[in-house]
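One-letter residues, chain by chain:
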Amino acid sequence: MTVSSAATAALSGLGFGLSLIVAIGAQNAFVLRQGVRGQHIFPVIAVCAISDAVLIAAGVGGFGVLVESLPGLVTVVRYLGAAFLLGYAVLAAKRVFSSAALITESAGASVALGATVLTCLALTWLNPHVYLDTVVLLGSFANTYTAPDKWFLGAGAMVASVVWFTALGYGARRLGPFFARPAAWRVLDSVIALIMVVLAVGLVTSA
C-alpha cells in the first residue's frame, strides 16, 4: 500500500458513496423534514451516519456475499419496508389535510426524541435498498481493491455519508422562513407522502 493508492481508494469511496446516498428516498426525506423543523437534527444525522458506517463496514468485510446468497431474507425485509413506508405515507397525508397540525408544527411543536430516533432507525434498517446499495453494491466495489486499500475506500464512503446528512439536516434550516407558512408544510408533506408510496410500490414490484 502507498499513500497515493490509499488516497485514491478513499476518494473513490467518497464519490461512490455520494452517488448512492444523494438520491430522493425515505431516509433523505425524513432528514430534510427534521432539518426544516429544526428538531433533533443531530441525533437523526448520527443515526443515519452510524447506520451507514455499520452497513458499509459489513459490505467491505464481505457480508454482501452472504446477503446475495439469502434472497429470502431480502424478500422479507422488502415487504416489511414497503408496509412501513405506506404507513409513514398515510401519516404524511393526514398532516396534509390537517391544517391545525400544520400550524402547530410551524410554531415549533416537538416530537419526542425517542419516537424520532425510532422512526429514523425504521426508515433506515427496514429499507432493502440500503442493504443493496451499501452492503452489496459498495461492498462488491470495495472488494475489487486489496486490503488495506478497500478499507480506505470504505472510510471514504463513510465520510460521504456524514457530509451529506450533515449538509442536508443543517442546510434545510435555511428554509425555515419559507416553511413558516402552513401551505408550505402541506406541499412538503404531499411530496413526502408521494415519495413513500412510490418507494413502497417499487419495493413490492421489484424483482
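Residues numbered from 1 in each chain as written. Predicted model: local features only at pLDDT ≥ 70, side-chain atom pairs only at ≥ 80, totals over all residues. Heavy atoms only, no water.

Of regular secondary structure, the protein possesses 10 helices and 0 strands. Reading the helices (α) and strands (β) of the protein from amino to carboxyl end gives α-α-α-α-α-α-α-α-α-α. A separation threshold of at least 6 residues defines the contact pool for the protein, and within that pool the share at least 24 residues apart is 89%. By element, 76% of the accessible surface of the protein is carried by carbon and sulfur atoms, the whole surface being about 9900 Å². (Helix = DSSP H or I, 4+ residues; strand = E, 2+ residues; numbered from the N terminus. Contact = heavy atoms within 4.5 Å. Areas by Shrake-Rupley, 256 points an atom, 1.4 Å probe, with all protein chains shown as cover.)

What follows deals with unusual backbone geometry. A positive phi angle, near 55°, is found at His40, a position not held by glycine. Here His40 is to be found in the loop between helix H2 (26-37) and helix H3 (41-60). Among the residues examined, His40 registers a relative accessible area of 22% and is labelled partly exposed. (Buried < 20%, exposed > 50% of the residue type's maximum accessible area, 1.4 Å probe, protein only.)

A word on the environment of Ser161. When you line up the elements, Ser161 lands in helix H9 (residues 149-171). Ser161 sits in the buried class, given a relative accessible area of 0%. A C-alpha to C-alpha distance of 5.7 Å links Ser161 and Ala49, two positions 112 residues apart in sequence.

Our next topic: the packing of aromatic side chains. In this structure the tally under the stated criterion is 1 aromatic pair. Note on Trp125 and Tyr131: the rings are 6.2 Å apart at their centroids and 65° apart in plane angle, and the pair reads as edge-to-face. (Phe/Tyr/Trp six-rings, centres within 6.5 Å; stacked < 30°, edge-to-face > 60°.)

With that settled, the discussion passes to the nonpolar core. One finds Ile192 and Met196 to be the most contacted residues of the largest nonpolar core, which totals 27 residues. Counting residues per element, the ones that place at least two in this core are H2, H3, helix H5 (71-96), helix H7 (113-125), H9 and helix H10 (182-205). If near-sequence neighbours (up to four positions away) are discounted, Ile192 is found in contact with Ala29, Arg33, Tyr88 and Ala92. Counting residues in hydrophobic clusters, the runner-up holds 8 residues, among them Ile56, Val60, Ala142 and Ala157. (Core = buried A, V, L, I, M, F, W, Y, C linked by side-chain atoms within 4.5 Å.)

Here we come to H2. Helix length check: H2, at 12 residues, gives a terminal C-alpha distance of 17 Å against a target of 16 Å (1.5 Å per residue), a fit within 8%. In terms of burial, H2 is largely enclosed, as 11 of its 12 residues are buried. Those residues of H2 not exposed but buried are Ala26, Gln27, Asn28, Ala29, Phe30, Val31, Arg33, Gln34, Gly35, Val36 and Arg37. Gly38 sits one or two positions beyond H2 and adopts a positive phi of about 70°. (Expected span 1.5 Å × (residues − 1).)

All right, on to the confidence of the model for the protein then. Per-residue pLDDT for the protein averages 79, and the proportion of residues at 70 or more is 82%. Considering each helix and strand of the protein separately, the mean pLDDT is smallest for helix H6 (residues 99-106), with a value of 42, and largest for H3, with 93. In the predicted structure, residues 99-108 sits below a pLDDT of 50 and forms 18 contacts with residues beyond four places in sequence or in another chain. (pLDDT = per-residue confidence, 0-100.)

Together, Leu86, Val197 and Val201 give the surface a local cluster of nonpolar side chains, amounting to about 220 Å² of exposed area. Summarising the element assignment, Val197 is placed in helix H10. (Patch = residues over 30% accessible without salt bridge, like charges linked within 9 Å, V, L, I, M, F, W, Y side chains within 5 Å. Salt bridge = Lys/Arg side-chain N within 4 Å of Asp/Glu carboxyl O.)

Looking at the element boundaries, Gln27 is found in helix H2. Setting aside its immediate chain neighbours within four residues, Gln27 contacts Cys48, Thr124 and Phe165.

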